[in-house]
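Observations on the three-dimensional arrangement
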Amino acid sequence: MSGQSTYTPKSGLEKWIDQRLPLPRLMHDTMQTFPTPRNLNIWYTFGGILTFCLAVQIITGIVLAMHYVANADMAFDSVERIMRDVNYGWLIRYIHANGASMFFLAVYIHMFRGLYYGSYKAPRELIWIIGVLIYLLMMATAFFGYVLPWGQMSFWGATVITNLFSAIPVVGTHIATWLWGDFAVGDATLNRFFSLHYLVPFIIAGVVGLHIWALHVPGNNNPLGIDVKSPQDTVPFHPYYTVKDAFYLCLFVIIFAGFVFYAPNFFGNPDNYQQANPLVTPPDIVPEWYLLPFYAMLRSIPNKLMGVLVMGGAIATLVFIPWLDTSRVRSCRFRPLMKQFFWAFAVSAVILGYCGAQSVDAAIAGIPLVWVARLCSIYYYAFFWLIMPIVGLIETPKKLPASIAQSVLGASAAAAAE
Amino acid sequence: MMRIALPLGLALGLLATAPAMAIDTTRLPIKDGNFSFEGPFGTYDRGALQRGFQVYKEVCSACHALNHIAFHNLDEAGGPGFSEAQAKAIAAGYKIPAEPNDKGEIFDDKGNRLTRPGILADYFPAPFPNDNAARANNNSALPPDLSMIVKAREGGENYVYSILTGFHQTPPKGFTVTANKYYNPYFEGWNISMPPPLTANGVSYSDGTKATIEQEAHDVATFLAWASDPKMEERKQMGLSVLIFLVVLAGVLFAAYRKVWADAH
Amino acid sequence: MTATTDDATRRDFLYVASGAMAAVGAAAAAWPFIDQMNPSAAVLAMASTEVDLSPIAVGQQVVVKWRGHPLFVRRRSPAEIASAKAVDVASLPDPLARNANLPDNAAATDADRAIKPEWLVLIGVCTHLGCTPTVSQPSAPEGEYGGWLCHCHGSQYDTAGRIRKGPAPQNLAVPPYSFLSDTRIKVG
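The following refers to the structure shown.

The subject of this paragraph is helix H8 (residues 172-180) of chain A. Note on helix geometry: an α-helix contains 3.6 residues per turn, so any two residues three or four positions apart are oriented the same way. Residues and elements named next belong to chain A. All buried positions along H8 are accounted for by Gly 172, Ala 176 and Trp 180. All buried residues of H8 project into a common sector of 70° when viewed along the axis, lining one side. When the buried face of H8 is taken as reference, the exposed residues oriented beyond 90 degrees from it are His 174 and Trp 178. Looking at the buried side of H8, the elements it contacts are helix H7 (152-164) and helix H9 (187-215). Within two residues after H8, Gly 181 carries a phi angle of roughly 70°, on the positive side.

This is how it looks when you write it as structure tokens:
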């Protein structure tokens, strides 16, 4: 947690810099000596993994932008030139495209970790809200980015999502026209989406800085959900968590590389290898997998405006979670009832995603999927607005351990260490 | 009597006028073409690539463009394996629309487009100058460009193979083939605009391989798979090196992690 | 619990090993990002141009695009060849051949400026500041030496493309080229 800096400059040069710009001090305090709970598990490594993903996307993106042409007549071909002619262009493009999927995979694990261990609860509410903002910015970036190759899915996905704005009464169509710069998605839209796609990741980087700064005030939460009570509860970030994060990052990169080199189009849609055609709609318009749950919610409501509100409300709901959960106990490890609702939520999110990928009239065992999606959407809202407040009040949590040190080292060792 | 006869008669009458059950024209599951390049260690069969190129050149290129392939791609590693001289010769055999001559003309006196022989840097010329011309020559159907077709279709090379070998079948009873279309149950809706392109011995392979329809389809699907993904072999080779490196690195990092944490418990 | 010396050595080795591996991995990963800025396959495919010499008349010059630059291919008349041969190399402002087919120190003799004397192949970029010089014809002379005149700042080249007068410091460069046949050259 934020406290006194323990940095002492060792050389004359370090002293000179420290007096003028305390950057080495900042690095030392946040990444070297920062007291971190000693019981963080694998689910706590995804913050570092996400930072890696952001860096990879920015670097590969900047390099791709050296070759990409943001013009409706040339965009599709310029991507193919990258794949075929630019040295290692195929590699950089596949890293960028699969990197987006890996980025969202990591962010969902990171968010679910926060939900399970109660990391959003006081005093970490703002970290959570800043995180929701990052998630929103990520979705916007991914949406803009998917339009850029100007394939059939790029074009029609852009058409469907920007048309949502026309649902807004009175000003809706004007907003849609304003977004498009034209009477439909076209070259004007493509150019501005490219500009925004380049810009927003740097906004994300800045907000991530705020996210980590806000985290370093109270310090990390931990799987037990109990506060740090003494220095025995923590270890310095380096080398304990630098090496642990490095190891898990390596495992993550192995999975990433598996997709890039052996299944580079697994997450993609074949229709996007066809150039955009404003006169031919593909039989099934689907966004990338990470937007499917919200897409399913949108489609499950027959009314256009209500569908938009339900989808938007689902994301907006996330902001209120710190106040919706009434439990005094943070971690689901000690919340036997909440734990079950949590896993049901996770399962329903996956089911929603599956529904979003199928065509509108699909059915399983005679049950139209649109009803499954409605059920899961209701559960989504119920989980946050009903279950979280109510379960917190009625549940009997398990007994919390006395301290992190005691839980990790054993009672006698913890006592001996004091 | 009437209380039974009338309702019965109505019911029978209804049954008689009921339309036949609508046939489900969902495409059949794709065939497995047993391609050599599938799987993490698969590579393209050079012979199949060259034969497939011959099939494309002699059959498909009449209607289908290959816009993203340049002649210099033919001699690149991981491809059909032509030498630079062979690729140059192939290029020179094509007529490429010429740049304006010194008088600024691009047509000759008879109104024909001036052409020049292809060079390595040129791309395969399209059979039609634009989509409308393509449609006019194909009963209003637009033959798609083939340079990405394997990546642009669910099922990839096996889908292409299934379509090409899926012609010449008898449609089931009750199914009518639309005018100017052909029956192919591997195509969604079963009515495909493309006439059966392949015939047995339609191409005479220079390496002596028997040119059955299945062989021709297999070879051209291999060629088109390469056209969609010319970097596949390089990608898989690099993948192996990268994954081996990462697994070793993970091992080293794991050992370091255990060492660092040994005294924390 | 204090670490034994063995433990410390093993731990250091692991740190060094993982650090070294990570550094090697990072360098290997960095290479594609650096190499992608090098000319792409499409650019390299245009790196060579072949020129058909048969339509070029004696005393005529043809300008072709090569690697983004104008390329002068000039069929010299015997008079032009003779006047180029007659020049004393020591008197030239630039005594070097500037011929990519020869070593750097080759002298700017007429023989070292062209593979076959009848055909002069030059990169048509003035060595002063990059403008394209205009060719001199007997009927319409440009400059005093029968070769080229650069209108930007007045540099004058002779019939072997060597700088004779004006601010240009070097002779017009001769690109790498070879004869594929008597009527066809490959440049680059």
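Facing 17 residues of chain C, the contacting portion of chain B comprises 16 residues. Between chain C and chain B, a total of about 1300 Å² is buried, with carbon and sulfur atoms accounting for 75% of that surface. For chain C, the biggest contributors to the area lost against chain B are Leu 14, Ser 18 and Met 21 of chain C; these three give 38% of the whole. Counting the contacts that link chain C with chain B gives 1 salt bridge. Of the charged contacts, one joins Glu 50 of chain C and Lys 88 of chain B as a salt bridge, the two residues approaching to 3.1 Å between their closest N and O atoms.

We now examine the sheet that holds strand E5 (residues 134-135) of chain C. All names here are of chain C. In spatial order, the strands read E5-E6-E7-E8; together these 4 strands make up an open sheet with antiparallel pairing. The sheet is open, and its two edges are formed by E5 and strand E8 (163-165), each paired on a single side. Direction of pairing for strand E6 (residues 146-149) relative to strand E7 (residues 156-158): antiparallel, over a ladder of 3 bridges. From the neighbouring strand, Gly 146 faces E7, where its bridge partner is Asp 158.

Here the focus is the pattern of salt bridges. Note on pairing: side chains with opposite charge can pair once their charged atoms come close. Under the definition given, this model contains 24 salt bridges over all chains. For the salt bridge of Asp 219 of chain B with Arg 51 of chain B, the shortest nitrogen-to-oxygen distance reads 2.9 Å. Of the two residues, Asp 219 of chain B is situated in helix H7 (residues 213-228) and Arg 51 of chain B in helix H2 (residues 46-58); the sequence distance between them amounts to 168 residues. Take Asp 219 of chain B and Arg 51 of chain B: they sit in the same class, and that class is buried. We note a salt bridge from Asp 182 of chain C to Lys 116 of chain C, for which the minimum N-O separation is 3.0 Å. With a gap of 66 residues between them, Asp 182 of chain C in the loop between strand E9 (177-181) and strand E10 (184-187) and Lys 116 of chain C in the loop between helix H3 (78-85) and strand E4 (119-123) connect regions that are remote in the sequence. Three or more residues joined by partner-sharing salt bridges are found here, namely Lys 121, Asp 325, Arg 335 and Glu 395 of chain A.

Criteria and thresholds
Residues numbered from 1 in each chain as written. Chains lettered and ligands numbered in written order. Predicted model: local features only at pLDDT ≥ 70, side-chain atom pairs only at ≥ 80, totals over all residues. Heavy atoms only, no water. Buried < 20%, exposed > 50% of the residue type's maximum accessible area, 1.4 Å probe, protein only. Helix = DSSP H or I, 4+ residues; strand = E, 2+ residues; numbered from the N terminus. Arc of directions from axis to C-beta. Contact = heavy atoms within 4.5 Å. Buried area = accessible area lost by both parts, 1.4 Å probe. Salt bridge = Lys/Arg side-chain N within 4 Å of Asp/Glu carboxyl O. Pairing = 2+ DSSP bridges.

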